[in-house]
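Descriptive analysis of the structure
Residue-level listing of the chains:
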Amino acid sequence: MSTRQWMRIWTDLGIDESLLHSCKLDLQTEAKDLVSAGLDVFNREQFVTHHTLVSWQNMKAAAEQDGIDLLLVSAFRSVEYQCQLIRKKLENGQSIEEIVKVSAIPGYSEHHTGRALDLTTIGAEPLEEGFEL
């Protein structure tokens, strides 16, 4: 994607240069070759790179041996899907400054690569800090 296209996306979402400069993440390339990682906790099919799938399966199996049931919350997100998530939060009254504290700016999300997973376990709310404990 060209710089002009990125600027149009960011401007449309109200993301100004100060937010871009404060972003500590690298611009990510959107994955093309993805495989199914199965269903997430919301019963949606999720996709990842082949290497990520193998790593996820190994990690899940190792956790199960320790009595931990890891559950998939989300995986690949297209740039457009990331934009939709932010638009929805804006429509619900959140400021863009609040949103980018917890959601990556489109283009900067590692989920675009197909190599990032959000995980939870039984008894922990998906995408909440309780999972850290």
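Look a little higher up for the structure.
Everything numeric in this text was worked out from a predicted model, so none of it was measured.

Our focus in this paragraph is the environment of Q82. Within the fold, Q82 resides in helix α4 (residues 79-91). In this structure, the C-alpha to C-alpha distance between Q82 and S103, residues 21 residues apart in sequence, is 8.4 Å.

The description of an aromatic ring pair uses the distance of the two centres, along with the angle that the planes make with each other. For the structure on display, the rule yields two aromatic pairs. Between the aromatic rings of W6 and W10, the centroid separation amounts to 5.6 Å while the plane-to-plane angle is 15°, which identifies the pairing as stacked. Here W10 and W6 lie together in helix α1 (residues 3-12), a separation of four residues that amounts to about one turn. With respect to burial, W6 and W10 carry one shared label: buried. Put simply, the rings of W6, W10 and Y108 touch in pairs and so form one group of aromatic residues.

So, on to the pattern of salt bridges. If you walk through the whole model with that rule in mind, you get five salt bridges. We note a salt bridge from R77 to D118, for which the minimum N-O separation is 2.9 Å. Linking R77 in the loop between β3 (70-74) and α4 with D118 in strand β4 (residues 118-121), this pair joins segments that are 41 residues apart in sequence. D118 matches R77 in its accessibility class, with the two residues each being buried.

The next thing to look at is the side chain of R77. Since its relative accessible area comes to 13%, R77 is described here as buried. Of the polar contacts made by the side chain of R77, one reaches the side chain of Q82; its length is 3.3 Å. Ignoring anything within four residues of it in the chain, the contact list for R77 reads Q82, L85, S109, H111, H112 and D118.

The end-to-end C-alpha distance of α4 is 18 Å, a good match for the 18 Å that 13 residues give at a rise of 1.5 Å each. Looking at the buried side of α4, the elements it contacts are α1 and α5 (96-102).

The next thing to look at is the layout of surface pockets. A volume near 170 Å³ is recorded for the second largest pocket. Taken together, L19, S22, C23, K24, L25, V100, K101, V102, S103, A104 and I105 form the lining of the second largest pocket. Counting residues per element, the ones that place at least two in the lining of the second largest pocket are α2 (17-22) and α5. The leading source of residues in the lining of the second largest pocket is α5, at three residues.

Basis of the calculations
Residues numbered from 1 in each chain as written. Predicted model: local features only at pLDDT ≥ 70, side-chain atom pairs only at ≥ 80, totals over all residues. Heavy atoms only, no water. Helix = DSSP H or I, 4+ residues; strand = E, 2+ residues; numbered from the N terminus. Phe/Tyr/Trp six-rings, centres within 6.5 Å; stacked < 30°, edge-to-face > 60°. Buried < 20%, exposed > 50% of the residue type's maximum accessible area, 1.4 Å probe, protein only. Salt bridge = Lys/Arg side-chain N within 4 Å of Asp/Glu carboxyl O. Polar contact = N/O pair within 3.5 Å; in protein donor to acceptor, adjacent residues only side chain to side chain. Contact = heavy atoms within 4.5 Å. Expected span 1.5 Å × (residues − 1). 1 Å grid on protein atoms, 1.4 Å probe; cavity = no way out; pocket = protein on both sides within 12 Å on 5 of 7 lines; lining within 4 Å. Points joined across faces, edges and corners; volume = space filled by probe spheres on them.

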